[in-house]
Amino acid sequence: MSETNQNQTQQAQPKRKRILSGIQPTGTPTLGNYVGAVRNWALLQKDYDCLYMVADLHSLTVREEPAALRRRTRELSALLLAAGIDPVNSVLFVQSHVPSHTQLAWVLACNTQYGQLTRMTQFKDKSAKHPDNVNGGLFTYPVLMAADILIYNADLVPVGEDQTQHLEITRDIAQRFNNLYGPTFTLPDGYVPKAGARIMSLAEPTKKMSKSDPNVNSFVLMTDDRDTIVRKFKRAVTDSEGSVRYDAANKPGVSNLMAIYSTFTGKSMEEIEAEFAGKGYGDFKLAVAETVADALTPIRTEYSRILADKAYVDGVLKDGAARAARLADRMVAKVYRKIGLLQPER
Ligand code: TYM
């Protein structure tokens with residue numbers, strides 16, 4: 001291509017929108033994390049400039065053994081790479097490696113009302129779950145999350161449904177700041193998948209699938225092997241009706257399995273109902289399990305390979321942190337200037 005043509009092509013291309021999302025290193029991610037978020041992170045890379053983050057600071061809100069936190073942070077990074085996060089075209093980094101996030105979080109905390117934070121359902125749920133450790137970090141958790149997003153002027157945030165309230169408060173914080181100090185932050189939109197925004201527990205399908213559930217049969221981990229996946233789906237709680245029909249209110253177990261199957265096959269609920277008409281739950285559960293195992297097996301294999309190369313993973317994270325910090329530091333400097341903090345001599 002000649003230089004003139006190249007320039008024309010560059011000019012014709014609109015600026016790509018930016019994505020930021022994160023996941024906590026609190027345990028091995030489940031199928032819920034994959035379907036609700038990580039799978040989309042990988043898919044969206046072709047159309048967006050993406051930053052993906054291991055939210056280690058957020059995980060400090062629950063007490064964690066230091067060695068386990070360190071190990072899980074590296075493991076989760078390797079798993080994200082195995083799931084298709086491209087460390088060259090996207091930026092993969094660890095939250096605590098980019099100190100500007102916490103610097104911005106303080107400024108945003110001073111612009112967020114106590115009353116608004118008390119209304120966060122996740123704060124209420126987590127306080128009820130850990131009454132012995134209702135710490136300040138748990139309370140200001142959404143402010144740090146707002147900083148993670150706003151510091152990059154992210155346009156889109158791919159998350160599962162449980163994070164949508166945190167996105168709403170992020171938009172509120174951004175809007176209020178922009179009104180006070182002039183246009184500064186982009187108001188981000190959520191990207192929540194149609195099917196699979198809330199994958200439910202296989203044992204109690206009215207509860208969200210969660211890696212912290214004490215019942216290991218309630219979740220499928222992203223690293224589970226085929227036999228384990230099949231065994232867990234075979235045990236999944238359904239109902240006594242015996243027909244594969246989508247009805248989330250009255251048939252939560254079957255509807256959850258249908259949502260999972262739909263995500264991986266791209267089939268609509270009607271198509272799935274037609275496929276399993278006249279068949280029993282046994283056939284259906286096996287089909288769901290096989291589809292999930294087919295999707296997760298290559299990730300699992302790749303995960304072991306990548307994790308064995310610790311230097312590679314650490315190198316990716318070092319590069320990611322440097323690239324993220326270049327953007328984040330600039331935003332913090334801009335915000336500090338706008339709110340009137342005296343700039344130090346450089
Ligand atoms: P975390 O680590 O709890 O979960 C990571 C992502 O997985 C989604 N998810 C689910 N989706 C569908 N069904 C489920 N059962 C399910 N369980 C989890 C979550 O919605 C999430 O998208 N606060 C965030 C981490 C974070 C963040 C951010 C996210 C920190 N900073 C900035 C976006 C932007 C969290 O705890 O995710």
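Residues numbered from 1 in each chain as written. Predicted model: local features only at pLDDT ≥ 70, side-chain atom pairs only at ≥ 80, totals over all residues. Heavy atoms only, no water.

**Concerning the side chain of D247**
Alright, step 1. Considering the arrangement of structural elements, one finds D247 in the loop between α10 (226-234) and α11 (252-265).
Alright, step 2. Classification of D247 as buried rests on a relative accessible area of 19%.
Alright, step 3. Setting aside residues up to four positions removed in sequence, D247 forms contacts with P252 and S255. (Helix = DSSP H or I, 4+ residues; strand = E, 2+ residues; numbered from the N terminus. Buried < 20%, exposed > 50% of the residue type's maximum accessible area, 1.4 Å probe, protein only. Contact = heavy atoms within 4.5 Å.)

**Re the packing of helix α4 (residues 66-82) against helix α13 (residues 281-307)**
Alright, step 1. The geometry of α4 relative to α13 is characterised by a closest axis approach of 8 Å and an angle of 130 degrees between their N-to-C directions. By the angle between their axes, α4 is oblique relative to α13. The two elements α4 and α13 meet at a crossing, and its hand is right-handed. Packed against α4, whose contacting residues are R74, E75, A78, L79, L81 and A82, the element α13 presents I299, E302, Y303, I306 and L307 at the interface.
Alright, step 2. The class makeup of the residues in the contact of α4 with α13 is 8 nonpolar, no polar and 3 charged. (Axes fitted to C-alpha atoms, helices over the stretch in contact; angles between N-to-C directions. Parallel < 35°, antiparallel > 145°, perpendicular 65-115°, else oblique. Left-handed = near helix turned anticlockwise from the far one by under 90°. Nonpolar A, V, L, I, M, F, W, Y, C, P; charged D, E, K, R; others polar.)

**Focus on the layout of surface pockets**
Alright, step 1. Reported here for the largest pocket is a volume of approximately 1,400 Å³.
Alright, step 2. Lining the largest pocket are 46 residues, and of these Q122, K126, D162, Q163 and K208 sit closest to its centre.
Alright, step 3. Residue assignment for the lining of the largest pocket shows that the elements contributing at least two residues are β1 (18-23), α2 (31-44), α7 (121-129), α8 (136-150) and β4 (156-158).
Alright, step 4. Residue classes in the lining of the largest pocket are distributed as 17 nonpolar, 18 polar and 11 charged.
Alright, step 5. Looking at the second largest pocket, it is lined by 16 residues, and the ones nearest its centre are R198, M200, Y246, A248 and N256.
Alright, step 6. For the lining of the second largest pocket, the element with the highest residue contribution is α11, accounting for 4 residues. (1 Å grid on protein atoms, 1.4 Å probe; cavity = no way out; pocket = protein on both sides within 12 Å on 5 of 7 lines; lining within 4 Å. Points joined across faces, edges and corners; volume = space filled by probe spheres on them.)

**Observations concerning the pairing of strand β3 (residues 91-94)**
Alright, step 1. Of the two faces of β3, the one carrying V91 and F93 and the one carrying L92 and V94 are both buried.
Alright, step 2. Note that strand β2 (residues 49-54) and β3 share 4 bridges and pair parallel. Within the sheet, the bridge partner assigned to M53 lies in β3 and is F93. (Pairing = 2+ DSSP bridges.)

**Section: α7**
Alright, step 1. Turning to α7, its buried residues number three or more, namely Q122, F123 and S127. In a view along the axis of α7, the buried residues occupy a sector of 130 degrees, so they form one face of it. Across α7 from its buried face, at more than 90 degrees, point the exposed residues A128 and K129.
Alright, step 2. Looking at the packing, one finds that the buried side of α7 touches α6 (114-118), α8 and α9 (164-181). (Arc of directions from axis to C-beta.)

Shape descriptors only; they carry no functional weight alone.
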